[in-house]
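One-letter residues, chain by chain:
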Amino acid sequence: MIKINEHFNKLQASYLFSDIAKRVSRYQEDNPDKTIIKLGIGDVTKPLPPACIEAFHKAVDEMAGEEGFRGYGPEQGYDFLRKAIATADFKARGADISSAEIFVSDGAKCDTGNFQELFSPDSVIAIPDPVYPVYLDTNVMAGRTGSFSDGRYEGVVYLESTRENNFVPSLPHQPVDLIYLCFPNNPTGSTISKEELKTWVDYARQNKALILFDAAYEAFINDDSLPKTIYEIEGAEEVAVEFRSFSKSGGFTGTRCAYTVVPKACVAYIADGTPQSLHGLWNRRHCTKFNGVSYPVQRAAEALYSPEGKQQAQALVNYYMKNARLIRTAMSDLGFTCVGGDNSPYIWIEGNMDSWKFFDLLLDKAGVVCTPGAGFGKCGEGYIRLSAFNSFENVSLAMDRIKNSLA
Ligand SMILES: *Cc1c(COP(=O)(O)O)cnc(C)c1O
């Protein structure tokens, strides 16, 4: 008899996006002449930068010739891309990360989901609430949690992000082994200061814990005093793995390219306390289960580091950030308490009502779709997330409609 992995049955069915879709289509049926503006999505809307398209085309043409054709590439990524990453994203920030410590992949979703495979099933995990669901669900699948009740999995240490702590969780009160952090944050849009991040790095060093740091929204940081990488913090290379993605920074959500940094100094421990390098372990895992990102896609990603590519990617980020500022200002002017939107494309808005009520209010009165905060965890109740990923025209219209209907 073939038996299933019963940990999968602990997963909570996510009705979030299907519930949203249902409410939206009901509204559209009742109001056939109204246009709906979607500010719920966490996906970019603008096309790829021209520099990427050019590099992409050129690489495809190379693949058409006997000389330029490439078969399997290095699983860790081509040197041209790994070097560009190490230089521009780390060395330029004073972080001593080498190209050999970069693993190119087809997405930060897969990497953040897969990385937990390296750790013992009895590791205690600390997960933010609210959260990008991948961290939690992949640990549930791996059997690191008990069952689900009252909005929480047994055995998980939840790091609550609330208005009280300015949406930056405090250190856990009980010992933990594996810590997930995401800054700038999805869904709250909050950021972490160097001092705050240092307390986490120091905690990990003192407790032989490991931090998995998701920096998918690093490109949206305006405030130069904020850390763009965890390796700006002293000692982080011993206790932190960082995930990055070209999805939001370069419009690559459909093109697929990301990378993970596993410093050679980073360790986890054998049961007897002997340290073991994570770099070697992840390399083994990556080469066993992954066969590299396609050559044209890596050339397109490399183009983001050319002078034109940098400028074009920055223009994309600036475009979304103008939307973000507009949303933040409009919602604050209406008296809502907001976080995010200054160094991130998401604005987290407190409604003084339950998340779904707030969702219905914006849909019914203004024809605007948001994401109810409760869908991201227990601490998201009472909040909604608005996304800056849409056209400036749509965002402006949405804010006008919200102002006219709620003011
Ligand atoms: C969008 C996003 C990513 C990027 O995922 P990809 O698989 O690289 O597209 C990673 N983490 C968070 C929190 C995100 O919102």
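Residues numbered from 1 in each chain as written. Predicted model: local features only at pLDDT ≥ 70, side-chain atom pairs only at ≥ 80, totals over all residues. Heavy atoms only, no water.

In this structure, what is going on with the domain arrangement of the chain? I would like to understand it.
Reports of interface size often rely on the accessible area that becomes lost once the parts have come together. Under the domain assignment, the chain is made up of domain 1 (6-47 + 308-406) and domain 2 (53-306). For domain 1 versus domain 2, the separation of C-alpha centres amounts to 26 Å. Facing 34 residues of domain 1, the contacting portion of domain 2 comprises 46 residues. Summing the contributions of domain 1 and of domain 2, the shared interface buries around 3200 Å²; its carbon and sulfur component is 59%. When the buried area of domain 1 at its contact with domain 2 is split by residue, Asn-343, Lys-378 and Cys-379 rank highest and sum to 19% of it. Here domain 1 and domain 2 share two salt bridges between them. Of the charged contacts, one joins Lys-378 and Asp-150 as a salt bridge, the two residues approaching to 3.4 Å between their closest N and O atoms. Linking domain 1 to domain 2 there are 19 residue pairs in polar contact (both at pLDDT 80 or more). For the side of domain 1 that touches domain 2, the secondary structure elements donating two or more residues are α11 (307-333), β13 (337-340), β14 (346-350) and β17 (383-387). Tallying contributions element by element places α11 first for the side of domain 1 that touches domain 2, with eight residues. (Domains from an automatic or database assignment. Contact = heavy atoms within 4.5 Å. Buried area = accessible area lost by both parts, 1.4 Å probe. Salt bridge = Lys/Arg side-chain N within 4 Å of Asp/Glu carboxyl O. Polar contact = N/O pair within 3.5 Å; in protein donor to acceptor, adjacent residues only side chain to side chain. Helix = DSSP H or I, 4+ residues; strand = E, 2+ residues; numbered from the N terminus.)

What is the right way to read the packing of α11 against helix α13 (residues 392-406) from this model?
Angle between the axes and distance between the axes are the two parameters that describe a pair of packed helices. At a closest axis distance of 10 Å, the pairing of α11 and α13 adopts a crossing angle of 5°. Between α11 and α13, the angle is such that the two are roughly parallel. Where α11 approaches α13, its residues Tyr-319, Lys-322, Asn-323, Leu-326, Ile-327, Ala-330 and Met-331 are matched on the opposing element by Phe-392, Glu-393, Val-395, Ser-396, Met-399, Ile-402 and Lys-403. Along the lines of polarity and charge, the residues of the contact of α11 with α13 split into nine nonpolar, two polar and three charged. (Axes fitted to C-alpha atoms, helices over the stretch in contact; angles between N-to-C directions. Parallel < 35°, antiparallel > 145°, perpendicular 65-115°, else oblique. Nonpolar A, V, L, I, M, F, W, Y, C, P; charged D, E, K, R; others polar.)

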